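Residue strings, one per chain:
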Amino acid sequence: MANRDKLAKSAVIVMLIVLISKAMGFIRDVLIASNFGAGDLTDTFFIVFKASSIAIILINSVIQTTLMPVLTDVAGNKVKGKEIDFLNEIINASIILTGILTLLGWIFSPQIIELLAPGFSEQQFQLAVQLNRMGLPIIIIVAVTSIISIYLQSNRQFTIPAATGIVLNIFFIGFLTLMAHSYGLKGLIIAMLLGHLAQLIFQLPWAYGYGYRYQPKISFVNPYVKKTVLLAMPVILGTAVQQVNTIIDRNLASRLTAGSISALSYAAKLEDLIVGVFILTIATIFFPILSKEFVEENYGRMKYVMGYGINLILLVTIPATVGILLLSYPIVQLLFERNEFRQQATYMTSQALLYYSLGLSGIGIREILSKMFYSLQDTKTPMINGMITVAINIILNLLFVGRLQHRGLALATSISIIISAILLAISLRKKVGNIGGRHIITTMGKISFSSIVMGLVVFLLKENLLIYMDGGFMKTSAILGFIIFTGIIIYIGVCYLLRVKELMEIIEKTIKWIRLDKILQGRK
């Protein structure tokens, strides 16, 4: 119980840190929109950003999914020296491999940009190639940063890795506020590079505090290194195939109305608020627990932890989807519509956000199920699932893009993610037997009903208060905040009446913490 309460507190703290980071990320995006708008210039930046992101996602996926189970296995031997040796060998191998990848990226930058955005003009194309080459060293930095983060998380230190997002956004916001007009997009790429370097430096004192010491050693005969490489191969293939989704999305979007790439990018960033704050936080904290239970062969406990994690995620994603369906336009308008970001950009972004939101629960369920497979040291099943999902997404992209334009790309992504989650659940049930699906479906039903009730209230408030939402930033913020807050209160109330177990536990723990704080203050 003590460990469970400690993890719950860690989750709350990490969520708050990530929320601050995401809020700063919104300020960053608002400043980008304000300085550069939503047109050819931002389309160029987002394509370059996406080119780097593809490599970063590939690296992070390999490190974060394969390193934690193996590191937990090494730590189980209770020999700190072996753990540090293994970590150094992985870091040095990653530096070499990402260095080669960076060199190849430099050489083939024109081909990469052509693949991602064949619809670019010659001027856009040349600028994108130049910016892409400037940002490539980020790949090396991100690899090392990710490994250090996993080391800290394996020691149950979640707050410092979560806080690295704040460090990165400080550099972005500082540049966009003080130097954007003088240095433009090239300066923005340099700020991004320095921000990623600062993330690595920020984590090092804590890593040293947990016993890490860097040594320039590398070995491919270490059995744990071999195990990591073997687990990584399906992850590399699966993640690479999944990035085809991104390439095809951006390729098709570059042929649509100017601003389509920017609309999809801004909408994805808004969706990422929920994904980053709640879904990834829960998955990140539960991952080392699942890995530890596997090492100790406690499979029943693994299933319980997995089901609990899924229900926690559904508790957030289902009402969030309903809220976005009703309020996507005023949310985008409030956050972005100013200066160069005009009404048409607001409409395009809000529509993309609406269709992206349909896949939120699918993202959450897929994330937890994937972590379950990785904890079982099975990276092959998620790889096959990813390849099937990509094929479905490509077909749906081609079916929807003609009629729905950029909205069709967002819808195809959401549908393919939902199918991916369902297929993963079927595969897991075949592998480990009963996974508690009945309890998950029952909880999902209660949450869905509560969300519908909330949606009706939000809809009525929106219809009656919408006419007052054009009275300046502060007034619009207050009205929209009131609608959202009222919806949350209604949702929590209905969930409580329906006895949603996970929510009731959160409320009970919150009350206990408040009472404990009062007792401690009284003693002082």
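Scroll up a little and you will see the structure.
Residues numbered from 1 in each chain as written. Predicted model: local features only at pLDDT ≥ 70, side-chain atom pairs only at ≥ 80, totals over all residues. Heavy atoms only, no water.

## Some points on the overall build of the protein chain
Okay, so step 1: For the protein chain, the count of helices and strands is 18 helices and zero strands.
Okay, so step 2: The globule rule puts the C-alpha radius of gyration for 524 residues at 24 Å, and the 23 Å found for the protein chain is close to it.
Okay, so step 3: Its C-alpha atoms put the protein chain at 65 × 60 × 55 Å along the principal axes.
Okay, so step 4: The buried share of the protein chain, reckoned over its 524 residues, is 54%.
Okay, so step 5: The contacts of the protein chain with a sequence gap of at least 6 include a subset with a gap of at least 24, amounting to 84%.
Okay, so step 6: Measuring between centres, the 44 positive side-chain charges of the protein chain sit 6 Å from its 26 negative side-chain charges. (Helix = DSSP H or I, 4+ residues; strand = E, 2+ residues; numbered from the N terminus. Rg over C-alpha atoms; globule rule 2.2 N^0.38 Å. Buried < 20%, exposed > 50% of the residue type's maximum accessible area, 1.4 Å probe, protein only. Contact = heavy atoms within 4.5 Å. Lys, Arg positive; Asp, Glu negative; His and termini not counted. Charge placed at Lys NZ, Arg CZ, Asp CG, Glu CD.)

## Some points on the side chain of S416
Okay, so step 1: Within the secondary structure layout, S416 lies in helix α15 (residues 406–432).
Okay, so step 2: Overall, the relative accessible area of 1% leaves S416 in the buried class.
Okay, so step 3: A distance of 2.8 Å separates the side chain of S416 from the backbone oxygen of T413, its partner in a polar contact.
Okay, so step 4: If sequence neighbours within four positions are ignored, S416 has contacts with T389, I392, N393 and L396. (Polar contact = N/O pair within 3.5 Å; in protein donor to acceptor, adjacent residues only side chain to side chain.)

## Let's talk about the packing of helix α10 (residues 260–295) against helix α11 (residues 299–336)
Each packed pair of helices is defined by two parameters, the angle between the axes and the distance between the axes.
Okay, so step 1: Put simply, α10 and α11 touch, their axes get as near as 9 Å, and they point 170 degrees apart. As summarised for this structure, α10 and α11 are arranged roughly antiparallel, according to the angle between their axes.
Okay, so step 2: Among the residues making up the contact of α10 with α11, the classes are represented as 23 nonpolar, two polar and two charged. (Axes fitted to C-alpha atoms, helices over the stretch in contact; angles between N-to-C directions. Parallel < 35°, antiparallel > 145°, perpendicular 65-115°, else oblique. Nonpolar A, V, L, I, M, F, W, Y, C, P; charged D, E, K, R; others polar.)

## As for helix α5 (residues 122–135)
Okay, so step 1: Given a rise of 1.5 Å per residue, 14 residues ought to cover 20 Å, and the 20 Å separating the end C-alpha atoms of α5 matches this to within 8%.
Okay, so step 2: Among the residues of α5, those classed as buried are Q124, F125, A128, V129, L131, N132 and G135. (Expected span 1.5 Å × (residues − 1).)

## Some words on the packing of aromatic side chains
Okay, so step 1: Here the structure, examined in full by the defined rule, presents five aromatic pairs.
Okay, so step 2: Members of the aromatic cluster, connected to one another through ring pairs, are Y151, Y208 and Y212.
Okay, so step 3: The cationic tip of R28 hangs over the ring face of F172; the distance from NZ or CZ to the ring centre is 5.3 Å.
Okay, so step 4: Residue placement shows R133 over the ring face of W106; its charged tip is 5.3 Å from the ring centre. (Phe/Tyr/Trp six-rings, centres within 6.5 Å; stacked < 30°, edge-to-face > 60°. Lys NZ or Arg CZ within 6 Å of the ring centre and 35° of its normal.)

## A look at the packing of helix α12 (residues 343–357) against α15
Okay, so step 1: Here α12 crosses α15 at 20 degrees, and the two axes come no closer than 8 Å. The angle between α12 and α15 falls in the class roughly parallel. Our pair here, α12 against α15, has a crossing hand that is right-handed. Across from Y347, M348, Q351, A352, Y355 and Y356 in α12, the residues of α15 making contact are H406, R407, A410, L411, T413 and S414.
Okay, so step 2: Split into classes, the residues belonging to the contact of α12 with α15 amount to seven nonpolar, four polar and one charged. (Left-handed = near helix turned anticlockwise from the far one by under 90°.)

## Examining the nonpolar core
Okay, so step 1: Counting residues in hydrophobic clusters, the biggest one holds 117 residues, and the most contacted among them are L188, M306, I310, F336 and L428.
Okay, so step 2: Per-element tally for this core: the top contributor is α11, with 19 residues.
Okay, so step 3: Each residue touching I310, except ones within four places of it in the same chain, is listed here: I365, I368, L369 and I440.
Okay, so step 4: Ranked by size, the runner-up nonpolar core spans 35 residues in total, among them V62, F86, L152 and Y374. (Core = buried A, V, L, I, M, F, W, Y, C linked by side-chain atoms within 4.5 Å.)

## Some details on the pattern of salt bridges
Okay, so step 1: Per the counting criterion, the structure on display carries four salt bridges.
Okay, so step 2: A salt bridge links D85 to K217, with the nearest nitrogen and oxygen atoms 3.2 Å apart. You can see D85 sitting in helix α3 (residues 80–107) and its partner K217 sitting in the loop between α8 (180–209) and α9 (223–253), a full 132 residues away along the chain. (Salt bridge = Lys/Arg side-chain N within 4 Å of Asp/Glu carboxyl O.)

## Examining a nonpolar patch on the surface
Okay, so step 1: A cluster of nonpolar residues, I96, L97, I100, L103, L104, W106, I107, F108 and I218, forms a patch on the protein surface that exposes about 890 Å² of accessible area.
Okay, so step 2: Mapped onto the secondary structure, W106 falls in helix α3.
Okay, so step 3: Of the residues examined, W106 reaches a relative accessible area of 47% and is grouped as partly exposed. (Patch = residues over 30% accessible without salt bridge, like charges linked within 9 Å, V, L, I, M, F, W, Y side chains within 5 Å. Areas by Shrake-Rupley, 256 points an atom, 1.4 Å probe, with all protein chains shown as cover.)

## Section: the environment of I368
Okay, so step 1: One can find I368 in helix α13 (residues 360–375).
Okay, so step 2: Sequence separation between I368 and V241 is 127 residues, and the spatial gap between their C-alpha atoms is 20 Å.

## Here we look at the side chain of E89
Okay, so step 1: With respect to the helices, strands and loops of the structure, E89 is situated in helix α3.
Okay, so step 2: Despite being buried, E89 has no salt bridge partner; K217 is the closest side chain of opposite charge, sitting 5.2 Å away.
Okay, so step 3: Apart from the residues lying within four places of it in its own chain, the contact partners of E89 are K217, I218, S219, N222 and V225.

## Overview of the environment of A198
Okay, so step 1: Locating A198 in the fold gives a position in helix α8.
Okay, so step 2: Classification of A198 as buried rests on a relative accessible area of 15%.
Okay, so step 3: With 12 residues separating them along the chain, A198 and Y210 place their C-alpha atoms 20 Å apart.
Okay, so step 4: If we skip the residues at most four places from it in the chain, A198 touches V167 and F171.

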